[in-house]
Amino acid sequence: MVLPAKQERYTFADVLTWDEGENIEIINGEAFMMATPSRIHQKISMELSRQLANYLEGKSCEVYPVPFGVRLFEQDGDSPENVDTVVEPDISVVCDRSKLDKHGCKGAPDMIIEVLSPSTRRHDRLVKLNLYQRAGVREYWVVDPDNESVQVFTLDDGALKIREDYGCEDVAKVNVLDGCFIELSKVFSE
């Protein structure tokens, strides 16, 4: 859902003035309000975050569930007025701690997971896939609660390409985290 046109172009400077409870992303200066996720969406997201956090305990990478602002294309020296893309992935894994600041992540996380909902299905599979590819996200998971499946995309020669399709009983390999596997039977336990 697109916000009413208050202005032609939104930036990170606008985001900094919005209430913390607002679920709004900006992509190329256009603001998108995100619907409140369903209970199942939240349960899936929480279980994925739990398994990742357990694996990452004591390691240098960190996992962040939504809300967590990711300024995919921000460069050192950019002012908030120059940053026109801020997304809030369901789950972000960041291994380069220099990308972290008090507002979230500056640059591409190593891994992003999006859990599909009816209102975001097309957006996550097309718009966000292309954004994450351009930004250099190394691994992107698209989790489909309806089909109890996970599509894993990895960055190969600058393109996010499907690497694996997993079903609800599979154990999914996290390619950017050596030795990390996710038990999907626990993710899709309902």
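Residues numbered from 1 in each chain as written. Predicted model: local features only at pLDDT ≥ 70, side-chain atom pairs only at ≥ 80, totals over all residues. Heavy atoms only, no water.

### Here we look at the sheet that holds strand E5 (residues 91–94)
This is how it is decided: The pairing criterion for strands is at least two bridges between them, as found by DSSP. Runs of E in the DSSP output that reach at least two residues are strands. Runs of H or I that reach at least four are helices, and both are numbered from the N terminus. The axes used here are C-alpha line fits, helices contributing only the stretch in contact, and every angle between their N-to-C directions lies in the interval 0 to 180 degrees.
Pairing within the open sheet is mixed, and its 6 strands lie in the order E3-E5-E8-E9-E10-E11. Strand pairing shows two members of the sheet lacking a second neighbour, strand E3 (62–65) and strand E11 (159–166), which therefore form its edges. On average, each strand axis in the sheet is tilted by 20 degrees relative to the strand beside it, whichever way the strands run. Pairing of E3 with E5 involves 4 bridges; the strand directions are antiparallel. Each residue of the ladder has a partner; that of Glu-62, found in E5, is Val-94.

### Section: the packing of aromatic side chains
The description of two aromatic rings rests on the distance between their centres and on the angle between their planes. Applicable threshold: What counts as a ring pair is set by centres within 6.5 Å for rings of Phe, Tyr and Trp (its six-membered ring), and what kind of pair is set by the plane angle: stacked under 30 degrees, edge-to-face over 60, tilted for all other angles. Three exposure classes are used, based on accessible area relative to the maximum for each residue type with a 1.4 Å probe and protein chains only: buried under 20%, partly exposed in between, and exposed over 50%. Two conditions define a charge located above a ring, namely a distance within 6 Å from the ring centre to NZ of Lys or CZ of Arg, and an angle within 35 degrees of the ring normal.
The tally for this structure, following the rule as stated, stands at 4 aromatic pairs. Taking 5.0 Å as the distance between ring centres and 75 degrees as the angle between the ring planes, the aromatic pair formed by Tyr-132 and Tyr-140 counts as edge-to-face. Just as Tyr-132 is buried, Tyr-140 falls in that class too. Every member of this aromatic cluster is reached through a ring pair, and the members are Tyr-132, Tyr-140 and Phe-153. If you follow Lys-59 out to its NZ or CZ, it ends over the ring of Tyr-55, 4.3 Å from the centre.

### Focus on the sheet that holds strand E7 (residues 104–106)
Pairing between sheet strands relies on hydrogen bonds along the backbone, with the strands arranged either parallel or antiparallel. Here 3 strands make up an open sheet; going across it, the order is E4-E7-E6 and the pairing mixed. Here the strands that pair on one side only, and so sit at the sheet edges, are strand E4 (69–71) and strand E6 (100–101). Direction of pairing for E4 relative to E7: parallel, over a ladder of 3 bridges. Residue pairing in the sheet places Gly-69 in a bridge with Gly-104 of E7.

### Quick notes on the pattern of salt bridges
Convention followed: Salt bridge criterion: a side-chain nitrogen from Lys or Arg within 4 Å of a carboxyl oxygen from Asp or Glu.
Under the criterion given, the structure shown has 14 salt bridges. Its salt-bridge partner being Arg-71, residue Glu-74 comes within 2.4 Å of it at the nearest N-O pair. Each of the two residues, Glu-74 as well as Arg-71, counts as buried.

### A short note on the state of the cysteines
What we call a disulfide is simply a covalent bond connecting the sulfur atoms of a pair of cysteines. Applicable threshold: Criterion for a disulfide: a pair of cysteine sulfur atoms within 2.5 Å.
Across all of its chains, the model carries 1 disulfide by this definition. Through a disulfide, Cys-61 is tied to Cys-95; the S-S separation comes to 2.0 Å. An S-S torsion of about 105 degrees defines the bridge between Cys-61 and Cys-95 as right-handed. With Cys-61 in the loop between helix H2 (39–56) and E3 and Cys-95 in the loop between E5 and E6, this pair connects stretches of sequence that are 34 residues apart. Take Cys-61: its relative accessible area is 12%, and that puts it in the buried class. Between Cys-105, a cysteine without a disulfide, and Cys-95, which holds the nearest cysteine sulfur, the sulfur-to-sulfur distance is 10 Å.

### Points about the side chain of Ser-45
We apply this condition: Residues are treated as being in contact if the distance between any of their heavy atoms lies within 4.5 Å.
Locating Ser-45 in the fold gives a position in helix H2. For Ser-45, a relative accessible area of 5% gives the class buried. Those residues within four positions of Ser-45 in sequence are excluded, and the remaining contacts are Asp-90, Ile-91 and Val-115.

### Brief notes about unusual backbone geometry
In this model, Val-66 is joined to Pro-67 through a cis peptide bond whose omega is 0 degrees. Looking at the element boundaries, Pro-67 is found in the loop between E3 and E4. Unlike most non-glycine residues, Glu-148 shows phi in positive territory, near 45 degrees. Take Glu-148: it is sitting in the loop between strand E9 (139–144) and strand E10 (149–156). Not every positive phi belongs to a glycine, and Asp-157 is a case in point at roughly 50 degrees. Tracing the backbone through its elements, the reader meets Asp-157 in the loop between E10 and E11. Residue classification places Asp-157 among the exposed residues on the basis of a relative accessible area of 77%.

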